[in-house]
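Each chain, written out:
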Amino acid sequence: MNAEATGLVMRSPDGTRYVFDPGALCLEFLTTGGPGDLAAFEVLHTPGDLAGWLARSRLGLAREDVRVTGSELAAAHRLRDALWGLARAAAHGQRREARHTAEVNRAASHPPPVPRMEEDGAVRGWQPPVAGRQALSAVARDAVELFTGPFASRVRECGAPDCRLVFVDVSRPGRRRWCAMERCGNRHKVRALRARRERDDARESDDRKEPGR
């Protein structure tokens, strides 16, 4: 599982920018859209869109090194739909659907990107060109590692009722509840404070009432 904390700069419906770290490459992929009502968030409309996203992802690919075809874009959509199914099942303690597992295994069967090492021994990224199916294999293999590993029980949906983001809690205490504290965590605090003030105001109003009225 590629859990390197890079973080994605996200934008809420009201225009607020915040950083979301899903904790794994395969869950990072879910921010690009999905099936059903998640289609409203679709950003992978063309092969170029997928190549651009892969370059921005925690894979660290160079945009000019990525080659994506139309069939690979379709495969990306199928893989992403399967990942949504697996993530939701894990988050809610449900049984995985065989079709979702099969789709991830299909994508993982292709060779992943080939790492490149320089003479000084440092890893300098990936051997170009990187085909779309290679990048998707890396995403799928990350999913295999996550959903069969020790953090499978830590896959969660954000605690906000109007947020669909999914993440894996890799923190030591395992108490992460929100996609991002500056987004949904802060909104929860504001709502809780408002509710507490309303209760206090109501209590004070009751105390001021005269007995017997």
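Residues numbered from 1 in each chain as written. Predicted model: local features only at pLDDT ≥ 70, side-chain atom pairs only at ≥ 80, totals over all residues. Heavy atoms only, no water.

Asks: Lay out the pairing of strand β2 (residues 17–20) with the relevant residues and their values.
Replies: Burial along β2 is one-sided: Y18 and F20 are buried, while R17 and V19, pointing the other way, are not. One ladder, built from 4 bridges, connects strand β1 (residues 8–11) with β2; its direction is antiparallel. Across the sheet, the residue bridging to V9 is V19, located in β2. What sits between β1 and β2 in their antiparallel hairpin is a turn of 5 residues, with G15 showing a positive phi close to 95°. (Buried < 20%, exposed > 50% of the residue type's maximum accessible area, 1.4 Å probe, protein only. Helix = DSSP H or I, 4+ residues; strand = E, 2+ residues; numbered from the N terminus. Pairing = 2+ DSSP bridges.)

Asks: Account for helix α3 (residues 70–91), naming residues and giving values.
Replies: Turn by turn, an α-helix covers 3.6 residues, leaving residues three or four places apart pointing in a common direction. Compared with the 32 Å implied by 1.5 Å per residue over 22 residues, the 32 Å span of α3 between its first and last C-alpha is a close match. Positive phi shows up at G93, right after α3, with a value of about 65°. (Expected span 1.5 Å × (residues − 1).)

Asks: Explain the pattern of salt bridges residue by residue, including any values.
Replies: Pairs can form between side chains of opposite charge once their charged atoms are near each other. The final tally for this structure, using the stated rule, is 9 salt bridges. Where R58 meets E28, a salt bridge forms, and the shortest distance between an N and an O atom there is 3.0 Å. Within this pair, whereas R58 is found in the loop between α2 (47–56) and β3 (66–67), its partner E28 is found in helix α1 (residues 25–28), the two being separated by 30 residues in sequence. Accessibility classification places R58 together with E28 in one group, the buried group. Close ionic contact of E72 with R133 constitutes a salt bridge, the shortest N to O distance being 3.6 Å. Separated by 61 residues along the polypeptide, E72 in helix α3 and R133 in helix α5 (residues 132–148) bring together distant segments of the chain. In this structure E72 comes out as buried when scored by relative accessible area, which is 8%. (Salt bridge = Lys/Arg side-chain N within 4 Å of Asp/Glu carboxyl O.)

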